[in-house]
Amino acid sequence: MEALIPLPYAQDSLEPAISAKTMGFHHGKHLAGYVANLNKAIAGTELENAPLEEIVKSAEPGTGVFNNAGQILNHNLYFSQFRPFGSPEGAKPAGLLSAAIDRDFGSFEAFKEAFVTSGTSTFGSGWVWLQADAEGALSIGKYSGADNPVVHGFRPILTFDVWEHAYYLDYQNRRTDHLVALWDVVDWMIVESRYTIV
Ligand code: MN
């Protein structure tokens, strides 16, 4: 069974990038709904005690189990990668991840631009990812619905949610403005730990 992860920061601490109201609905209603749906679907089955990532990798894409498990995995990674707005800790990539971004995208600025462009051009509901292959090479992944890089053989490093529920209360149709604002709250120390700690 899965549990709703607690937010590791105050609900209003990401403002103005993400409002407390959006956080309340996104975490407290949308993610909580995926958790309740998955637990109902796997209760009493062989998946009841399976690790979340294994459920995502083994479930048939398009099924309720895949969609709810995938959305829990995606949101757990999403909500745990932010820092309070204005916090100087983790404001920029450092170390191995910074070097890999420069190597694979040319520069941090070039990476950010390519990432936002990928998020803006994702059609409909989905997620944009910074992902790593087994050798540590970085790439940008665009997946629709509840899909996740682990399904495609990549390790998830950073993700922006481009479902409308992630930004519509604050930004309405201005998805690009929302994505650009998220750079102010990404915690690059957490993101780097996903890259360097296997
Ligand atoms: Mn979402």
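The rules behind the values
Counting restarts for each chain: residues are numbered from 1 in the order of the written sequence. In keeping with the model being predicted, local features are shown solely for residues with a pLDDT of at least 70 and side-chain atom pairs are shown and tallied solely at 80 or more, while totals for entire chains, interfaces and linings include all residues. Heavy atoms from the whole structure form the basis of all side-chain values; hydrogens and water molecules are not counted. Donor selection uses N, O and S atoms within 2.8 Å of the metal (3.2 Å for Na, K and Ca). Since no water is included, sites may look incomplete. The secondary structure listing takes helices from DSSP runs of H or I that are at least 4 residues long and strands from runs of E that are at least 2 residues long, numbered from the N terminus. Residue burial is assigned from relative accessible area. The probe radius is 1.4 Å, only protein chains are included, and a residue is buried under 20% of its type maximum, exposed over 50%, and partly exposed in between. Here, expected helix span is obtained from the residue count minus one, scaled by 1.5 Å. Starting at the helix axis, one direction is taken to each C-beta atom, and the arc is that of these directions. Throughout, a contact is declared for two residues whenever any of their heavy atoms are within 4.5 Å. Pairing between two strands is assigned when DSSP locates at least 2 bridges connecting them. Helix axes are fitted to C-alpha atoms over the stretch in contact, other axes to C-alpha atoms as well, and angles between N-to-C directions run from 0 to 180 degrees.

A. Geometry of the coordination of the manganese ion. The coordination sphere of the manganese ion, as far as protein atoms go, consists of His 26 (NE2), His 75 (NE2), Asp 161 (OD) and His 165 (NE2), spread over 1.9 to 2.1 Å. Read in sequence order, the donor residues for the manganese ion give the motif H-x48-H-x85-D-x3-H. Placement of His 26 in helix H1 (residues 20–42) and of Asp 161 in strand S3 (residues 155–161) is noted, with a sequence separation of 135 residues between them. Under the relative-accessibility criterion, His 26 is labelled buried at 1%. Judged by its relative accessible area of 0%, Asp 161 falls in the buried class.

B. Expanded view of helix H5 (residues 108–120). Between the first and last C-alpha of H5 there are 18 Å, a value that for 13 residues agrees with the 18 Å anticipated at 1.5 Å per step. Here H5 has its buried residues at Phe 108, Phe 111, Lys 112, Phe 115, Val 116, Ser 118 and Gly 119. An end-on view of H5 places all buried positions within 160° of arc, on one side of the element. Seen from the open side of H5, the exposed residues pointing more than 90 degrees away from its buried face are Glu 109 and Glu 113. Among the structural elements, helix H4 (95–105), strand S1 (126–132), strand S2 (138–144), S3, helix H7 (175–181) and helix H8 (188–196) are those in contact with the buried residues of H5.

C. The sheet that holds S1, seen in detail. The antiparallel open sheet is built from 3 strands, whose spatial order is S2-S1-S3. Only two strands of the sheet have a single neighbouring strand rather than two, namely S2 and S3. On average, adjacent strands in this sheet sit at an angle of 25° to one another, irrespective of strand direction. Taken together, the 7 bridges between S1 and S2 define a ladder with antiparallel strand orientation. Bridge assignment links Trp 127 to a residue of S2, and that residue is Tyr 143. Against the sheet, H5 contacts S1, S2 and S3, and its axis sits at roughly 145° relative to S1.

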